[in-house]
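Residue-level structural notes
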Amino acid sequence: MVFQKPPDGGWGWVIVLVSFFTQFLCYGSPLAVGVLYLEWLDTFGEGKGKTAWVGSLAGGVGLLASPICSSCVSAFGARLVTIFSGFMVAGGLMMSSFAPNIYFLLCSYGIIVGLGCGLLYTATVTITCQYFDKRRGLALGLISTGSSVGLFIYAALQRELIELYGLDGCLLIVGALSLNILACGSLMRPLQSSGSTLPDKPSVEKSPDQYLIYNEKEKNVYEENIKILEKPTNEEKNVNKISCTDCKQDALTIRNKLSSVTPREKDTYKKKVAERTYFCKQLAKKKWHLYLDYWEETLSLFKNKVFSSLFIAIFLFDIGGFPPSMLMEDIARSSNISEEECIIPLISIIGIMTAIGKLVLGILADFVWINTLYLYVLTLIMTAVALVLIPFAQSYITLAILSGILGFLTGNWSIFPYVTTKTVGIEKLTHAYGILMFFAGLGNSLGPPIVGWFYDWTESYDIAFYFSGLCVLFGGLLLLVAALPCWNNTDSSSKSEKPLPNIYSYKGASLV
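Below: a short report on this structure. Please read these numbers as outputs of a predicted model, since none were measured by experiment.

What follows concerns empty space enclosed by the protein. Tallied over the entire structure, the rule returns one cavity of 30 Å³ or more. When residues of the lining of the largest cavity are traced back to their parent elements, those giving at least two are helix H1 (11–31), helix H3 (48–64), helix H6 (102–131), helix H7 (136–178), helix H12 (305–321), helix H13 (323–334), helix H14 (346–365) and helix H16 (396–410). Within the lining of the largest cavity, the residues separate by chemical class into 14 nonpolar, 15 polar and two charged.

Listed below in structure tokens is the structure:
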């Protein structure tokens, strides 16, 4: 596929605008699921651990399926994936309004809506990167705030809709709002000249201002295979001529002539079988070597002490740091705080402070004198302290302050790509980031149910958040200890290693 040079403006700003609204519309309800969580607890009467699976799957499925999401966007384009995923998100939300039990919600809201959000995030990030090069950081920062603004607005919106129309009416209206994603997707014009035709043999000299998206090794293999499969033989030509000239003769003449050609047909058939067998063996051999290289490079990543600690830290951070954004409203109700005292929903405070945290931490990461890894470790340690303090908060003001702190620190997602790049090098960023996002999705999926199970067991959130704080603290300290002795050697070691093959590079579903 041949793309034009990124314009860094023009229609690209329309792409930024529609990508912002796409993330706003798709992530608003899943991130503000804490409001719905209270209603599901009252409606279905299930335990908090089981009910928490709904929101955790909606937040984690997209990350777990990030390689699949990237493959879909690469195969079908951002516009088609956005339109299709818009139907998924809207359909999943509307189906959830008819849910007879919690298991139906696990499928409709947890899996369908979660996977749709993952596809939409990958599509918006991919097309934004195609339209921007020099201003890519600014563009990605603008669209990433869509999810945080959506969390801020949807938390209050869903609460108001529930009071007016009930839980079912709320989900139907929110699902109808999600259909606006289709309009956003229709404006995602692919960055490819519609009237141009791809050259048969592209070369760098003929297209200096274009990005040629293909793998050179795969191109050579493809051309060799085409030559093998399309290789003409004299025997095939003779057989075709005989079958054409004798088609009007009587049955006896045809039988005689066919019998005379049989030995040649047998030789031709054997030759074609041998050629295609050889072709299949060579193709399988080359594919096998590519897979071996992939796993060899994957293992080499885990030989890096900092990277090994980083994937443990992000996993533990999501187990402990993700539940407050979903359970904070129930924490307030468990602390006997009335709804009249909650002037602004606690989830809305988390959402707006997350947007501020992304911008502030992203700006700090651009300073040369600030080490992004140590900055990330600092956010982890502060998050652990805030989580441990939640059980001591018995008033709305205290919970609001802790919600704001946790929201701001959750904005460390904006510096996580910086940390990954510093750890493994730019040539291995996509591979390493995909692995890390998988573990982040696993942590998102497990965190809220674990906290809910602790509550079901102890009838209190105290032990649950002590456990969450210790998880995040352990991950942060482990990353700090691993980084201290080998941080200065990370760059040189990563540059000396062989870069990853292009065949398995992909963008993560969640690049925030």
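A word on the environment of Leu-157. One can find Leu-157 in helix H7. Its relative accessible area of 27% is what places Leu-157 among the partly exposed residues.

Turning our attention to the pattern of salt bridges. One pass over the full model with this rule turns up five salt bridges. Measuring nitrogen to oxygen at the nearest pair gives 2.9 Å for the salt bridge that ties Arg-159 to Glu-329. Residue Arg-159 is found in helix H7, and its partner Glu-329 is found in helix H13; the two are separated by 170 residues along the sequence. The salt bridge involving Arg-333 is made with Asp-330; its shortest N-O contact spans 3.5 Å. With Arg-333 and Asp-330 both in helix H13, this residue pair falls three residues apart, about one helical turn. Of the residues examined, Arg-333 reaches a relative accessible area of 37% and is grouped as partly exposed. Residue class for Asp-330 comes out buried when judged on its relative accessible area of 1%. Several salt bridges share partner residues, and in doing so they unite Asp-42, Lys-48, Asp-330 and Arg-333 into one network.

The rules behind the values
Residues numbered from 1 in each chain as written. Predicted model: local features only at pLDDT ≥ 70, side-chain atom pairs only at ≥ 80, totals over all residues. Heavy atoms only, no water. 1 Å grid on protein atoms, 1.4 Å probe; cavity = no way out; pocket = protein on both sides within 12 Å on 5 of 7 lines; lining within 4 Å. Points joined across faces, edges and corners; volume = space filled by probe spheres on them. Helix = DSSP H or I, 4+ residues; strand = E, 2+ residues; numbered from the N terminus. Nonpolar A, V, L, I, M, F, W, Y, C, P; charged D, E, K, R; others polar. Buried < 20%, exposed > 50% of the residue type's maximum accessible area, 1.4 Å probe, protein only. Salt bridge = Lys/Arg side-chain N within 4 Å of Asp/Glu carboxyl O.

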